[in-house]
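Observations on the model geometry
Now for the letters of each chain:
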Amino acid sequence: MKNKLIKALLFMICMLFCFSVLFSCKNDSEDDDGIYDDNSQTDVEDEKNDNSDTGESSHLWELKYNFTPTCQISGCEIYVCSICNEEKRVNLPVTNDHSLGEEYEMTANQHYKICSVCDKAIGVENHSYENECCTVCGCFEEYYEISIWVQNGYMATDLFAKQVKEFADANKLTINLTISERDGTVAGNDIINDPTCAPDIFCFTQKELQGLIDAEAIMPLSTAAADNIKATHCHGAVLASSENGILYGYPMAITERVAVLYYDKSLISEDDAKSLEKIIDICEKNNKFFRFQLSSGWGVEHFFFSTGCESRWTVNKNFEFVALDDNYNSNAGIAAMKGLAKLAGSSAFNDETYGYNYGNDTAVIISEINNRWTAENTFGENLGVAIMPSFTVDGENYQMKSVGNTLLMGISPTEDSEKAELLSRLALWLSDEECQLERFENFMWCPTNIAAQTSEKIESDPYRKIQIQQYNISVPERHKNLYWSTIAGDLYLDAKEAKTDEEIIAALNRYDERVALLFEKGEYS
């Protein structure tokens, strides 16, 4: 009984002690409302281990959460009393510690670094030049801000930026580059509509050249730059860059709009592939198709190009057709119709070219270089590639020609002659052998630079080798009224049905009348 009383007494003493501690914590928390100011961290550390002046028990604070401040946001520390679980917060102010990389940003007169956290310019200072170079950032006294639009769809900005930097380093320049991707056709049209939106240098497709010239949105090349392009780039690229004998563009690449001949090597030899008549004869004897889309003017024009004909529509900055030079209705046009009739009238002819796999029913496909996968699937290991064949009419031999499309670079007009000269040198650099081969390796852009075209990398690629050969006998692509394609496409049916020269001439007369009506009144019949 006595032992039980002793145990009960001890229990009561323990309970009284606990209540006294809790009461002390409560009084402390009521005194400071549980809030610390920004300078209270030292007080917290003191209270973690010291008793109060009254001798009563105080809080025993332990750090539970730590939110580190940065140069952009403040932080805090959260403490918890190990006795009563009371929480206290210590606010930590924004710091002056910035996250800076190794590279400097530069303007014409100053350099600085950008904090990766708060995006502010830190350490802005004027350049300190020694031997024409800033001793801090490496900036050269010649400083330029340049903007460029490059062709989209290839993630090409990084490579172009690298090539621009190499140009700057080689010429001891500092270039602050702004670069973005734009579709060549869209870019050309946007600049034609509003030349003020143009960057310093821009990529565009050659058919936009007339509109850019009319909008006064592109600078012609200097005599020295033009001589450089003529000496270092292929004939097709020089034609594509020119208008009325004046060069405006810096050639970048041959696009995949060039049409070539794909054939079955098990049936057609390399020598046979040179003659339209031989190919047709082999296809007919083996009951195989010769596929070539002739139901549109874009296919028919290959025959007319071959005999020296062209339907050339001139467009102004408002995308209005202001001139037409069409010589289809001529003796050369009659020869083209006779060549066209040889294929259109053959039992082997088939107008479809863009299937996935034509199997064993096909021996020949004439189509653009970007349709090579159809040819690969159709012919497999027997696939042969060649330029388009020639045909003979009235004893005259005509080499079939393709339309050629080129990606070009243009320079926006500027009154700053020093900058204009620099932009020209940069455009020449970007169009040279090394840069074009680098873009070929990364994006498969077919080069226009002669040295690049004859390099081992290109010579070992059968598609690019043939693409270049066909391109160099091509006719530059220009804008045409879209209804023209339907009118010209009807010529293939006329050629197929015509039996005499008189019937061919009548068909060309009808074509002439329909095209004139389309140009003069915008009416399609």
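Conventions adopted
Residues numbered from 1 in each chain as written. Predicted model: local features only at pLDDT ≥ 70, side-chain atom pairs only at ≥ 80, totals over all residues. Heavy atoms only, no water. Phe/Tyr/Trp six-rings, centres within 6.5 Å; stacked < 30°, edge-to-face > 60°. Helix = DSSP H or I, 4+ residues; strand = E, 2+ residues; numbered from the N terminus. Buried < 20%, exposed > 50% of the residue type's maximum accessible area, 1.4 Å probe, protein only. Lys NZ or Arg CZ within 6 Å of the ring centre and 35° of its normal. Pairing = 2+ DSSP bridges. Axes fitted to C-alpha atoms, helices over the stretch in contact; angles between N-to-C directions. Expected span 1.5 Å × (residues − 1). pLDDT = per-residue confidence, 0-100. Contact = heavy atoms within 4.5 Å. Salt bridge = Lys/Arg side-chain N within 4 Å of Asp/Glu carboxyl O.

What follows concerns the packing of aromatic side chains. Under the criterion given, the structure shown has 16 aromatic pairs. Each ring, one from F303 and one from F391, has its centre 5.5 Å from the other, and the planes form 45°; the classification is tilted. Residue F303 is located in helix 9 (residues 297-306), and its partner F391 is located in strand 22 (residues 390-393); the two are separated by 88 residues in the primary sequence. F303 gets classed as buried once you look at its relative accessible area, which sits at 0%. Look at F391 and you get buried, because its relative accessible area is 0%. Between Y328 and Y511, the aromatic rings sit 5.1 Å apart at their centres with planes inclined by 15°, giving stacked as the arrangement. Of this pair, Y328 sits in the loop between strand 18 (321-326) and helix 10 (331-344) while Y511 sits in helix 18 (residues 501-521); the two residues are 183 residues apart in sequence, bridging distant segments of the chain. For the residue pair Y328 and Y511, the accessibility class agrees, reading buried in each case. Among the aromatic side chains, those forming a connected cluster through ring pairs are W298, F304, Y328, W484 and Y511. The ring of W373 carries R372 above its face, with NZ or CZ at 4.3 Å from the centroid.

Spatial strand order, 1-2-3: three strands in an open sheet with antiparallel pairing. In the strand order of this sheet, the two ends are held by strand 1 (61-67) and strand 3 (87-92), each with one partner. When the angles between neighbouring strand axes are averaged without regard to direction, this sheet yields 25°. Summarising the sheet, strand 2 (residues 75-81) and strand 3 pair through six bridges and their orientation is antiparallel. When the bridges of strand 3 are listed, I78 appears paired with R89.

Here we come to the pairing of strand 2. Burial runs high along strand 2: seven of the seven residues are buried. Because side chains alternate across strand 2, one face comprises the buried residues G75, E77, Y79 and C81, and the other comprises C76, I78 and V80, equally buried. Where strand 1 lies against strand 2, six bridges are found, and the strand directions are antiparallel. Bridging from a neighbouring strand, L63 pairs with Y79 of strand 2. Here strand 2 hands over to strand 3 after five residues, with N85 in that stretch at a positive phi of 70°.

On to helix 3 (residues 157-170). Here helix 3 is 14 residues long and its end C-alpha atoms lie 20 Å apart, about the 20 Å a rise of 1.5 Å per residue gives. The complete set of buried residues in helix 3 reads T157, L159, F160, Q163, V164, F167 and A168. A positive backbone phi angle near 55° is found at K172, which sits one or two residues after helix 3.

So, on to the confidence of the model for the protein. For the protein, the mean per-residue pLDDT works out to 87, and 89% of the residues sit at or above 70. Note that pLDDT drops below 50 for residues 17-56; the model gives that stretch 48 contacts with residues more than four away or on any other chain.

Let us look at the pattern of salt bridges. Pairing between side chains of opposite charge can happen when their charged atoms approach one another. Per the stated rule, a full pass over the model turns up 24 salt bridges. With a closest N to O distance of 2.6 Å, E438 and K162 form a salt bridge. Of this pair, E438 sits in helix 13 (residues 433-443) while K162 sits in helix 3, and the two are 276 residues apart along the sequence. When the shortest N-O distance is used, the salt bridge between E301 and K480 registers 3.5 Å. Within this pair, whereas E301 is found in helix 9, its partner K480 is found in the loop between strand 26 (475-476) and helix 17 (482-497), the two being separated by 179 residues in sequence. Exposure remark for K480: the relative accessible area of 12% places this residue in the buried category.

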